[in-house]
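Each chain is listed here by its residues.
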Amino acid sequence: MQAAPFYYLYLRRHAHRVLRVPLDHAFVSRPATVEHPVFLFSPGRCGSTLMSQVLFEAGIPSVSEPDFYTQMASWFWSRPFNPLAPRYRQAMWAMSADLSAALGAVPVVKLRAECARAPELFVPNRAARTIVLFRRFENWSRSTTRVFGNGPGKTVGKYMTALRCYAWLARHSRCLLVRYEDWLSDPCFAARALGDFLERPISPEAVDRACRVHSQEGTPLIDRVRPGWEAKWGGAMALWQSPRLVTARQRLDIPNVWD
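Residues numbered from 1 in each chain as written. Predicted model: local features only at pLDDT ≥ 70, side-chain atom pairs only at ≥ 80, totals over all residues. Heavy atoms only, no water.

Peer 1: In this structure, what is going on with a nonpolar patch on the surface? I would like to understand it.
Peer 2: Together, Met 1, Tyr 10 and Leu 11 make up a nonpolar patch on the protein surface, roughly 230 Å² of accessible area in all. Mapped onto the fold, Tyr 10 is located in helix H1 (residues 7-14). (Patch = residues over 30% accessible without salt bridge, like charges linked within 9 Å, V, L, I, M, F, W, Y side chains within 5 Å. Areas by Shrake-Rupley, 256 points an atom, 1.4 Å probe, with all protein chains shown as cover. Salt bridge = Lys/Arg side-chain N within 4 Å of Asp/Glu carboxyl O. Helix = DSSP H or I, 4+ residues; strand = E, 2+ residues; numbered from the N terminus.)

Peer 1: Before we go on, may I ask you to explain the environment of Met 72 in this structure?
Peer 2: Inspection of the secondary structure puts Met 72 in helix H3 (residues 67-72). For the pair formed by Met 72 and Ala 97, sequence separation is 25 residues and the distance between their alpha carbons is 15 Å. Those residues in contact with Met 72 that lie beyond four places of it in its chain are Trp 77, Ser 78, Ala 85, Tyr 88, Arg 89, Met 92 and Leu 121. (Contact = heavy atoms within 4.5 Å.)

Peer 1: What's the story with helix H11 (residues 229-240) in this structure? I'm lost.
Peer 2: For an α-helix, 3.6 residues make a turn, and residues three or four places apart therefore share a direction. Here H11 spans 16 Å end to end across 12 residues, near enough to the 16 Å set by a 1.5 Å rise per residue. Residues of H11 that are buried include every one of Trp 229, Ala 236, Met 237 and Trp 240, and no others. Taken down its axis, H11 places every buried residue within 100° of arc, on the same side. The exposed residues of H11 that point more than 90 degrees off its buried face are Ala 231 and Ala 238. For H11, the secondary structure elements touched by its buried residues are helix H6 (137-148), helix H7 (152-172) and helix H12 (243-251). (Expected span 1.5 Å × (residues − 1). Buried < 20%, exposed > 50% of the residue type's maximum accessible area, 1.4 Å probe, protein only. Arc of directions from axis to C-beta.)

Peer 1: Sorry, what's going on with the side chain of Thr 144 here?
Peer 2: Along the chain, Thr 144 turns up in helix H6. Residue class for Thr 144 comes out buried when judged on its relative accessible area of 1%. Contacts of Thr 144, omitting those with residues within four sequence positions, involve Arg 45, Gly 149 and Thr 155.

Peer 1: Sorry if this is basic, but what is going on with the sheet that holds strand S4 (residues 129-134) here?
Peer 2: Across a sheet, paired strands are connected by hydrogen bonds in the backbone, their directions being either parallel or antiparallel. Spatially, 5 strands are ordered S2-S3-S1-S4-S5 in an open sheet, and the strand pairing comes out parallel. Only two strands of the sheet have a single neighbouring strand rather than two, namely strand S2 (62-64) and strand S5 (174-179). Taking each pair of neighbouring strands and ignoring which way they run, the sheet shows an average axis angle of 20°. In this structure, S4 lies alongside S5, joined through 6 bridges in parallel fashion. From the neighbouring strand, Phe 134 faces S5, where its bridge partner is Arg 179. (Pairing = 2+ DSSP bridges. Axes fitted to C-alpha atoms, helices over the stretch in contact; angles between N-to-C directions.)

Peer 1: I tried to follow the pairing of S4 on my own but got confused; where do I start?
Peer 2: Every other side chain in a regular strand lies on the same face of the sheet, so the side chains alternate between the two faces. The element S4 is extensively covered by neighbouring structure, given that 6 of its 6 residues are classed as buried. By the alternation rule, side chains of S4 split into Arg 129, Ile 131 and Leu 133 and Thr 130, Val 132 and Phe 134, which are all buried. Pairing analysis gives 3 bridges linking strand S1 (residues 38-41) to S4, with the strands arranged parallel. When the bridges of S4 are listed, Phe 41 appears paired with Val 132.

Peer 1: Even after reading the chapter, I still don't get the side chain of Lys 110, so can you show me in this structure?
Peer 2: Its location among the elements puts Lys 110 in strand S3 (residues 108-110). By relative accessible area, which is 3% here, Lys 110 ends up buried. A polar atom in the side chain of Lys 110 sits 2.8 Å from the side chain of Thr 49. Those residues in contact with Lys 110 that lie beyond four places of it in its chain are Pro 5, Phe 6, Leu 40, Ser 48, Thr 49, Ser 52, Val 63, Ser 64, Glu 65 and Pro 66. (Polar contact = N/O pair within 3.5 Å; in protein donor to acceptor, adjacent residues only side chain to side chain.)

Peer 1: Could you clarify how one ought to interpret unusual backbone geometry in this entry?
Peer 2: Residues other than glycine predominantly adopt negative phi, and peptide bonds predominantly adopt the trans conformation. Unusually for a residue other than glycine, Arg 45 sits at a positive phi of about 55°. Checked against the element boundaries, Arg 45 lands in the loop between S1 and helix H2 (48-57). With a phi close to 60°, Glu 199 is a non-glycine residue in the positive phi region. Take Glu 199: it is sitting in the loop between helix H9 (187-198) and helix H10 (204-211). The class for Glu 199 is exposed, based on a relative accessible area of 62%.

Peer 1: Just to check I follow, could you spell out empty space enclosed by the protein for this structure?
Peer 2: Rolled over the atoms, a probe as big as a water molecule pinpoints where empty space is left. A complete count under the given rule lists 1 cavity of 30 Å³ or more for this structure. Here the largest cavity is characterised by a volume of approximately 40 Å³. What lines the largest cavity is Gln 2, Ala 3, Ala 4, Pro 5, Thr 49, Ser 52, Gln 53 and Ser 64. Top element by residues in the lining of the largest cavity is H2. It accounts for 3 residues. For the lining of the largest cavity, the per-class residue count stands at 3 nonpolar, 5 polar and no charged. (1 Å grid on protein atoms, 1.4 Å probe; cavity = no way out; pocket = protein on both sides within 12 Å on 5 of 7 lines; lining within 4 Å. Points joined across faces, edges and corners; volume = space filled by probe spheres on them. Nonpolar A, V, L, I, M, F, W, Y, C, P; charged D, E, K, R; others polar.)

See the structure below:
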């Protein structure tokens with residue numbers, strides 16, 4: 001499961017039974033202590049799957065995109081006015097503790113991009129550690145429109161949601177900013193900084209092993225190209241550079257993501 005690029009693909013290919021647990025049952029594993037994962041946020045297409053593979057090769061427990069977190073971040077469950085939301089959040093944290101117990105350690109959990117819309121769900125206190133991974137908008141938007149074919153509005157909106165998420169995490173958690181470009185220019189230095197933050201060493205050999213294999217090998221995303229993506233990418237770039245979006249970015253109180 002830790003080696004799989006996506007949690008849901010591993011479940012589809014390997015799960016043979018379903019365990020149904022009542023909503024108020026709390027923990028299945030009954031852990032002696034409950035420690036929360038380190039959550040990794042990104043807008044996707046930033047190298048987060050590669051980072052998960054580096055962690056796996058370094059022997060650091062990690063999982064990629066467990067879907068029960070994504071479900072909780074949906075619009076319906078993440079709204080504070082939903083009277084059932086507190087009970088479902090308790091269930092989410094119980095499943096989270098079960099996941100940590102199954103792995104035998106506090107894991108790094110790579111979240112889907114959708115989770116950036118509700119970062120407050122994943123930060124129980126200010127001592128919580130979080131990681132945010134970004135890629136320069138020009139290259140990121142090119143990659144995401146090529147693979148997913150989203151229109152300009154959705155593409156820009158997804159990146160802005162991730163920026164607002166980072167602004168919130170920087171104020172309310174111990175947040176590490178990681179840039180995709182740093183992994184390209186000096187992966188060993190980037191891995192060392194990540195290991196220092198996690199208080200676990202990441203060797204150059206682990207980075208080398210992870211980089212030898214395409215991080216999304218065996219997934220539907222590898223080599224996917226949507227027709228007409230070039231025009232959508234051009235529209236996204238034009239929207240990103242528009243005065244309205246420039247002003248919106250400048251209003252965000254965040255450390256510099258790009259330099």
